[in-house]
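# Overview (structure and organization)
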Amino acid sequence: MLSDYQHISVLKDEVLEILSPQPNQNFVDCTLGGGGHSEELLKQNGPKGKVLAFELDQRAIAASKTRLKDYQDRLIIVHKSYVHLKSEVKKHNLDKNISGILLDLGLSSDQLDKTNRGFSFKDHGLLDMRFDPAGQTLTASDIILTYSVSALSKIFQEYGGEKMAKRLARGIVSWREKHPPTTLGVVKQKQNQAIKTSMLVSVILQILKISDSALKKFRIHPATKVFQALRIAVNAELYNIQAVLPQAIEVLPKGGRLAVISFHSLEDRIVKHYFRSLLGSCVCPPSAPICRCGQKPQVKILTKKGIRPSSQEVKQNPRSRSAILRAIEKI
Ligand SMILES: C[S@@+](CC[C@H](N)C(=O)[O-])C[C@H]1O[C@@H](n2cnc3c(N)ncnc32)[C@H](O)[C@@H]1O
């Protein structure tokens, strides 16, 4: 494990109980991160069971490779987005030969606290936010420096639930117009321009007219929602979730399970609605004497209300507080 890689896996026991790994079963971990969930699966699915793991962040891959070196003959790490689930499962001859799939959405504590890649309003790096800087082109700086008022406002509103979305979008564009890149202390990075994370924070505070002394009164930092929104936009996070869920159902055999941990309501809503859509309730008009739509349930929901971390887990790892785990079994 990279000695300074930091992430505490969330809802580990609950995930294990749902996926219930048995000897020689195969699993897919769509979001390897520091390898905490994969490690638990690998401890229990030996001697021949495999884990196929997706991860975009090279730092996480390096950390996991070290942590999971004892399992390297049974761990397949794919440095690609989990949206390639179906093709990679086929490539590794695991189609319909998987007992469970895990998605632990969002970002790791390491990305938030350690990488200085602009994920946190507290860090000192450039406003970047790409999970995979080598493979993705669009950065959060690109969005801030080039998107129109309406595009920025839409992102802040839809992905951040930011009530001041329009005011912030207008303020950012007018700040941009008054300060051409050369006076912004903008750093040239290959073809992209990038501003510092701290610069966006100070612009947000200026637009909202929040002084340093007033800042202490806020329970959450006023830049939090804009940062969440930019991260979701840069990494197409909601699109990715929508793209992977049907693939997961397709590659699982009957009895196979899918577990998803979400960290905010936008993610959870997509998961919840998709799971419900698989229940296949009859859509025939109430007047129809017999069912003709043929809709049949494809899954059984294993977590009616979703599972939240225990108060003990939240105490030990406050970042787990917003997590919610939902799971289904293919029938
Ligand atoms: C919450 S962390 C996972 C932590 C992991 N379960 C553990 O126990 O250490 C989420 C990880 O998913 C990765 N990730 C996010 N979007 C991804 C995508 N589309 N494809 C593959 N990995 C992704 C992030 O880089 C991050 O490392």
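Residues numbered from 1 in each chain as written. Predicted model: local features only at pLDDT ≥ 70, side-chain atom pairs only at ≥ 80, totals over all residues. Heavy atoms only, no water.

## Some points on helix 3 (residues 58–67)
Among all positions in helix 3, only A60, I61, A63 and S64 are buried. In an axial view of helix 3, the angular spread of the buried residues amounts to 165 degrees, which keeps them on one side of the axis. Buried residues along helix 3 sit in contact with strand 3 (75–78). The backbone nitrogen of R59 has a side-chain oxygen 2.8 Å away, supplied by the residue at the start of helix 3, namely D57. (Buried < 20%, exposed > 50% of the residue type's maximum accessible area, 1.4 Å probe, protein only. Helix = DSSP H or I, 4+ residues; strand = E, 2+ residues; numbered from the N terminus. Arc of directions from axis to C-beta. Contact = heavy atoms within 4.5 Å. Polar contact = N/O pair within 3.5 Å; in protein donor to acceptor, adjacent residues only side chain to side chain.)

## Digging into the nonpolar core
The biggest cluster of nonpolar side chains holds 33 residues, and the ones touching the most others in it are I144, F156, I172, L200 and L230. Going through the elements one at a time, helix 6 (140–146), helix 7 (149–160), helix 8 (165–178), helix 9 (197–207) and helix 11 (224–234) are the ones with two or more residues in this core. Apart from the residues lying within four places of it in its own chain, the contact partners of I144 are L127, L152, F156, I172, W175, R176, I195, L200 and L230. In this structure, V28, L103, I249 and L252 belong to the second largest nonpolar core, which totals 31 residues. (Core = buried A, V, L, I, M, F, W, Y, C linked by side-chain atoms within 4.5 Å.)

## A look at the side chain of D110
As for its position among the elements, D110 is in helix 5 (residues 109–113). Those residues in contact with D110, other than ones at most four positions away along the chain, are D4, Y5, Q6, R59 and T115.

## Looking at the layout of surface pockets
By volume, the largest pocket is sized at about 1100 Å³. Lining the largest pocket we find 35 residues, and of these L112, T224, Q228, R321 and S322 sit closest to its centre. Here the element with the most residues in the lining of the largest pocket is helix 11; it accounts for 5 residues. Each residue belonging to the lining of the largest pocket can be placed in one class, and the counts come to 11 nonpolar, 14 polar and 10 charged. Composition of the lining of the largest pocket by domain shows at least three residues from each of domain 1 (12–110 + 238–330) and domain 2 (137–234). Together, E162, K163, M164, L208, I210, F218, R219, I220, H221, P222 and K225 line the second largest pocket. (1 Å grid on protein atoms, 1.4 Å probe; cavity = no way out; pocket = protein on both sides within 12 Å on 5 of 7 lines; lining within 4 Å. Points joined across faces, edges and corners; volume = space filled by probe spheres on them. Nonpolar A, V, L, I, M, F, W, Y, C, P; charged D, E, K, R; others polar. Domains from an automatic or database assignment.)

## Observations regarding the domain arrangement of the protein
When its domains are assigned, the protein resolves into domain 1 (12–110 + 238–330) and domain 2 (137–234). Computed over C-alpha atoms, the centres of domain 1 and domain 2 are 33 Å apart. Between domain 1 and domain 2, the residue contacts involve 6 residues of the former and 5 residues of the latter. Between domain 1 and domain 2, the buried area comes to about 420 Å², and carbon and sulfur atoms account for 65% of it. Looking at the side of domain 1 facing domain 2, the largest losses of area belong to L238, H264 and L266, adding up to 74% of the total buried there. Between domain 1 and domain 2 we count 0 residue pairs in polar contact (both at pLDDT 80 or more) in total. Within the side of domain 1 that touches domain 2, the residues separate by chemical class into 3 nonpolar, 2 polar and 1 charged. (Buried area = accessible area lost by both parts, 1.4 Å probe.)

## A word on the site of the ligand
Near the ligand lie 23 residues; those nearest to it are S9, H37, E55, D104 and Q111. Interatomic distance of 3.0 Å between a backbone N/O atom of G34 and an oxygen atom of the ligand. Taken by itself the ligand offers 610 Å² of open surface, and the protein chains cover 98% of this. For the ligand, the cavity whose grid points lie within 2 Å of the majority of its atoms is the largest cavity. Split into classes, the residues belonging to the shell around the ligand amount to 7 nonpolar, 12 polar and 4 charged. (Near = heavy atom within 4 Å. Areas by Shrake-Rupley, 256 points an atom, 1.4 Å probe, with all protein chains shown as cover. Sits in = over half its atoms within 2 Å of the grid points.)

## Comments concerning the sheet that holds strand 8 (residues 299–301)
Strand order in this open sheet of 7 strands is 3-2-1-4-7-9-8, and the pairing throughout is mixed. One side of each edge strand has no neighbouring strand; the edge strands of this open sheet are strand 3 and strand 8. Between one strand and the next, the sheet's axes are offset by a mean angle of 15 degrees, whatever the strand orientation. When strand 4 (residues 100–104) meets strand 7 (residues 257–262), the two strands line up parallel, connected through 5 bridges. Following the sheet pairing, D104 is matched in strand 7 by I261. Its contacts with the sheet place helix 13 (residues 265–277) against strand 7, strand 8 and strand 9 (324–330), and it is angled at close to 20 degrees to strand 9. (Pairing = 2+ DSSP bridges. Axes fitted to C-alpha atoms, helices over the stretch in contact; angles between N-to-C directions.)

## So, the pairing of strand 4
The buried fraction of strand 4 is high, at 5 of 5 residues. Taking every second residue as pointing to the same face, both faces of strand 4 are buried, with G100, L102 and D104 on one and I101 and L103 on the other. Examined bridge by bridge, strand 1 (residues 27–29) and strand 4 share 3 bridges and lie parallel to one another. Its bridge partner lying in strand 4, D29 is registered against L102.

## Some details on the side chain of D29
Assignment of secondary structure puts D29 in strand 1. Buried D29, no salt bridge; nearest opposite-charge side chain is R67, N-O distance 9.7 Å. Here the side chain of D29 touches T31 through a polar contact of 3.1 Å, landing on its backbone nitrogen. Among all residues touching D29, those that are not within four sequence positions of it are H37, S38, V51, L52, A53, F54 and L102. (Lys, Arg positive; Asp, Glu negative; His and termini not counted. Salt bridge = Lys/Arg side-chain N within 4 Å of Asp/Glu carboxyl O.)

## Some thoughts on helix 1 (residues 12–19)
The complete set of buried residues in helix 1 reads V15, L16, I18 and L19. Along helix 1, the residues classed as buried sweep out an arc of 165 degrees about the axis, all on the same side. Exposed residues on helix 1 whose side chains face more than 90 degrees from its buried face are D13 and E17. Positive phi shows up at S20, right after helix 1, with a value of about 40 degrees.

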